[in-house]
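# Notes for the structure review
Here is what each chain is made of, one letter per residue.
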Amino acid sequence: MNRMDNRKVCVKVPSSTANLGPGFDSLGMALNLYAWIEMGFAERTVIHLHGENMKGVPADSSNLVYQVAQLVFDKAGLPRRELEISMYSEAPLTRGLGSSASAIVGALVAANELAGGTLSRDELFQMATELEKHPDNVGASLFGGLVVSFWDGVRAEYVRVEPDERLLALAAIPDFQLSTEKARHILPQQVPLKDAVFNIGHSSMLVAALLSGRLDMIRHAMKDALHQPYRAALIPGMGTILREAADHGALGVALSGAGPTLIALVEADSPQREKLRRFLLDTLRREGIGAETLWLKPDRQGAQVLTHSGESCTFIENIKGEVRA
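Residues numbered from 1 in each chain as written. Predicted model: local features only at pLDDT ≥ 70, side-chain atom pairs only at ≥ 80, totals over all residues. Heavy atoms only, no water.

A few words on the overall build of the protein chain. Scanning the protein chain from N- to C-terminus turns up 11 helices and 11 strands. In terms of C-alpha radius of gyration, the protein chain reaches 20 Å, essentially the compact-globule figure of 20 Å for 325 residues. Each principal axis of the C-alpha atoms in the protein chain carries an extent, and together these give about 60 × 40 × 35 Å. Considering only contacts within the protein chain whose residues lie at least 6 apart along the sequence, 75% involve residues at least 24 apart. Total accessible area on the protein chain is roughly 14100 Å²; 50% of this is exposed by carbon and sulfur atoms. In the protein chain, which carries 33 positive and 38 negative side-chain charges, the distance between the mean positions of the two groups comes to 3 Å. (Helix = DSSP H or I, 4+ residues; strand = E, 2+ residues; numbered from the N terminus. Rg over C-alpha atoms; globule rule 2.2 N^0.38 Å. Contact = heavy atoms within 4.5 Å. Areas by Shrake-Rupley, 256 points an atom, 1.4 Å probe, with all protein chains shown as cover. Lys, Arg positive; Asp, Glu negative; His and termini not counted. Charge placed at Lys NZ, Arg CZ, Asp CG, Glu CD.)

Structure below.
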């Protein structure tokens, strides 16, 4: 092995909330809930999974992180390699917090570092979008902040927006999983023109409100006619939360990605924060659904490389032996 072969790379990747109501497949915001991926070359592939949120994740060559890393080596014109990978995630899987996007982004960034940084961030963004089939979550996890984007099936474009300093996000995470495939399957292939016009107007207003600091407009703009009305049937209590959360202190509320997590935007100094939290939990509980709530801030850094040398990822080293999948 040469010196590069001994390197281990540790990458920290934020989770994300997508759509924010009307911005279906186009708006994403990074959140300070993280995944850590440590990757290095090895004589044989070994995958270490740490923490409760890694349960059910494959620990062989079918692992998403391993497969995405090989695509980076292909793109960089390098031979495929055996890898030692360690993974830990604060975000639960298949709950609408961009766990697959953060895994894809983490794998792309880590493997690219091992490959000598051959690929640009834009190339990584294009690869991530092609893999995820929409750019909102991967853009937020890669670049941080609020990302406005589109993908035409050939190329993805984005603009990164710095989130307002006053914004907090309250995530209500139900204790059941909902696959993106199931949540997408329920959507119609065609929608009425009035619904398309509704979403164009509301999505445009939401971006304008966030850019201009008009937080008072979020409650009017953060509404949707394309996906949330159809997905509400999959999440009991969601309709009530969408209708009434603003009356309990939310600036606006939406289904986070494909769900089942619901995400409310709140002013950090709002005196109604606890009232809103209780409303979300009580509404879901009345439907027989347990949930946890997390107060989150927008992440502004995106994916970060924490180590470049042969040293192990400090965070993952600290949890080894403490929590394991």
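What follows covers the nonpolar core. If you look at the biggest cluster of nonpolar residues, it comprises 43 residues, and the most contacted ones within it are Met39, Val65, Leu83, Ile85, Met87 and Leu108. A total of 10 residues in this core trace back to one element, the largest contributor, which is helix 2 (residues 99-114). Those residues in contact with leucine 108 that sit more than four places away from it in its chain are Val68, Val72, Leu124, Met127 and Ala128. The next biggest cluster of nonpolar side chains, apart from the first, holds 27 residues, and it includes Val161, Met217, Met222 and Leu265. (Core = buried A, V, L, I, M, F, W, Y, C linked by side-chain atoms within 4.5 Å. Buried < 20%, exposed > 50% of the residue type's maximum accessible area, 1.4 Å probe, protein only.)

The tally for this structure, following the rule as stated, stands at one cavity of 30 Å³ or more. In terms of lining, the largest cavity is formed by Met29, Leu146, Val161, Glu162, Pro163, Asp164, Leu167 and Leu210. (1 Å grid on protein atoms, 1.4 Å probe; cavity = no way out; pocket = protein on both sides within 12 Å on 5 of 7 lines; lining within 4 Å. Points joined across faces, edges and corners; volume = space filled by probe spheres on them.)

A few words on helix 2. Structurally, the α-helix is built with 3.6 residues per turn, so residues lying three or four positions apart point the same way. Taking 1.5 Å of rise per residue, 16 residues should cover 22 Å, and helix 2 covers 22 Å from first to last C-alpha, within 8% of that figure. Of all 16 residues in helix 2, 14 are buried, a share of seventy percent or more. Following helix 2 by one or two positions, glycine 116 adopts a phi angle in the positive range, close to 90°. (Expected span 1.5 Å × (residues − 1).)

Our next topic: the packing of helix 2 against helix 4 (residues 136-143). At a minimum axis distance of 9 Å, the contact between helix 2 and helix 4 shows a crossing angle of 50°. As far as their axial angle goes, helix 4 and helix 2 are oblique. For helix 2 against helix 4, the interelement crossing comes out right-handed. Packed against helix 2, whose contacting residues are Ala101, Ser102, Val105 and Val109, the element helix 4 presents Asn137, Val138, Ser141 and Leu142 at the interface. Grouping the constituent residues of the contact of helix 2 with helix 4 by class yields five nonpolar, three polar and no charged. (Axes fitted to C-alpha atoms, helices over the stretch in contact; angles between N-to-C directions. Parallel < 35°, antiparallel > 145°, perpendicular 65-115°, else oblique. Left-handed = near helix turned anticlockwise from the far one by under 90°. Nonpolar A, V, L, I, M, F, W, Y, C, P; charged D, E, K, R; others polar.)

Read across the sheet, four strands follow the order 8-9-7-10 without closing on themselves; strand pairing throughout is antiparallel. Two strands close off the open sheet at either side, each with one partner strand: strand 8 (252-255) and strand 10 (291-296). With strand direction ignored, the average angle separating the axes of adjacent strands in the sheet is 20°. Taken strand by strand, helix 10 (residues 273-286) contacts strand 7 (167-174), strand 9 (262-267) and strand 10, and its axis lies near 20° from that of strand 7. (Pairing = 2+ DSSP bridges.)

We now examine the layout of surface pockets. Estimates place the volume of the largest pocket at around 670 Å³. Along the walls of the largest pocket sit 40 residues, with Thr94, Gly98, Ser99, Ser100 and Glu132 positioned nearest its centre. Of all the secondary structure elements, the ones that give two or more residues to the lining of the largest pocket are strand 2 (27-41), helix 1 (64-75), strand 4 (83-89), helix 2, helix 3 (121-132), helix 4 and helix 5 (180-185). With four residues, the single largest contributor to the lining of the largest pocket is helix 2. Here the residues of the lining of the largest pocket sort into 18 nonpolar, 15 polar and seven charged. Each pocket or cavity is described by its volume, and for the second largest pocket that value is around 270 Å³. Along the wall of the second largest pocket there are 15 residues; nearest its centre are Met222, Lys223, Leu242, Arg243 and Val253. For the lining of the second largest pocket, the secondary-structure elements that each account for two or more residues are helix 8 (228-231), helix 9 (238-244) and strand 8.

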